[in-house]
Amino acid sequence: MHAGSLNVASLREEQLHLSLLVSSGWRTINFHVVPVVRRKLGVPALVGAQQMPGFPEGSLRRILSQGVDLVPASTQLWRTSTDYLLTRLLGELGSLQGHRLDSLSILDRVNHESWRDGGRTDGLTFGHLKTVLLWASVLFPAPEDWAELQGAVYRLLVVLLCCLATRKLPHFLHPQRNLLQGSDLDLSAIYERVEGFASQPEAALRIHATHLGRPPPRIGGLRALLQLPASDPTYWATAYFDVLLDKFQVLNIQDKDRISAMQSIFQKTRTLGSEES
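Parameters at a glance
- Residues numbered from 1 in each chain as written.
- Predicted model: local features only at pLDDT ≥ 70, side-chain atom pairs only at ≥ 80, totals over all residues.
- Heavy atoms only, no water.
- Helix = DSSP H or I, 4+ residues; strand = E, 2+ residues; numbered from the N terminus.
- Phe/Tyr/Trp six-rings, centres within 6.5 Å; stacked < 30°, edge-to-face > 60°.
- Buried < 20%, exposed > 50% of the residue type's maximum accessible area, 1.4 Å probe, protein only.
- Lys NZ or Arg CZ within 6 Å of the ring centre and 35° of its normal.

Enquirer: How should I be thinking about the environment of Asp102 in this particular structure?
Expert: Looking at the secondary structure, you find Asp102 in helix H3 (residues 100-115). For Asp102 and Ala152, which are 50 residues apart along the polypeptide, the C-alpha to C-alpha distance reads 8.4 Å.

Structure follows, in structure tokens:
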């Protein structure tokens, strides 16, 4: 651990965790330390997750076979937790070539400094952004999607924008759970900030626009397009998100089959738009 200020706070008998505040670098991080019982319990809901693309071969099966943790739910009850499994999955993504974890790091800092005003306002958590990266890695499994940093960041952004527009961010291992439900966050305000960053990233990053290449354009009707998965879950697929990347002019892929699938979805969205107008 780097040198920093370590403070033990809120140590009360009725609490289920020990809070540790670690101040180092550009922000203070609050860790919750909890007792954990590791059990090799099979979880039926995780079986389908073993078939997801975008991870090193066999890594999902190996990690999920470790079972889940039990953590305190009250002074008398325990609940299952997949936090350790998700952390291991992030580690697997870090072993791959490309900018997956770099893009997460950039959005984590932008979220803290810009979208949350330096941590002074409520907003997205690192857990939210971590889940977005995991889904983006599945939706964009090709190495070329992560070869260039700007493109990698926009792969996370289009998934995040869609989740904010539909007000639904599925848990990676339990997709029936919505991580945005009951959060009391102003999702419309957060969406505006995220879309503003997607249109003009240099303002939040405090760097010259030429460092990022050509800035993506502001897109009319983007929010309506982003809400399509809410009415038709089949849109939650690579071809649909490729349409979004293409609108931001950051698609940059060579796979002819994938381009054809993207164009097919694009024509479908145009047809839907003409029918509604």
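Enquirer: Whenever I open this one, the packing of aromatic side chains confuses me. Can you help?
Expert: By convention here, two paired aromatic rings are described through the distance between centres and the angle between planes. All chains considered together, the criterion is met by nine aromatic pairs. Judged by centre distance (5.8 Å) and plane angle (85°), the rings of Trp135 and Trp236 are edge-to-face. On the criterion of sequence distance, the pair formed by Trp135 in helix H4 (residues 126-139) and Trp236 in the loop between helix H9 (228-231) and helix H10 (238-247) is long-range, its members being 101 residues apart. For Trp236, a relative accessible area of 24% puts it in the partly exposed group. Arranged with centres 5.0 Å apart and planes meeting at 75°, the rings of Tyr240 and Phe241 form a pair that is edge-to-face. Taken individually, Tyr240 and Phe241 each receive the classification buried, so the pair is uniform in this respect. Every member of this aromatic cluster is reached through a ring pair, and the members are Phe55, Trp135, Phe140, Phe172, Tyr235, Trp236, Tyr240 and Phe241. A cation sits over an aromatic face here: Arg155 above Phe140, 5.5 Å from the ring centre.

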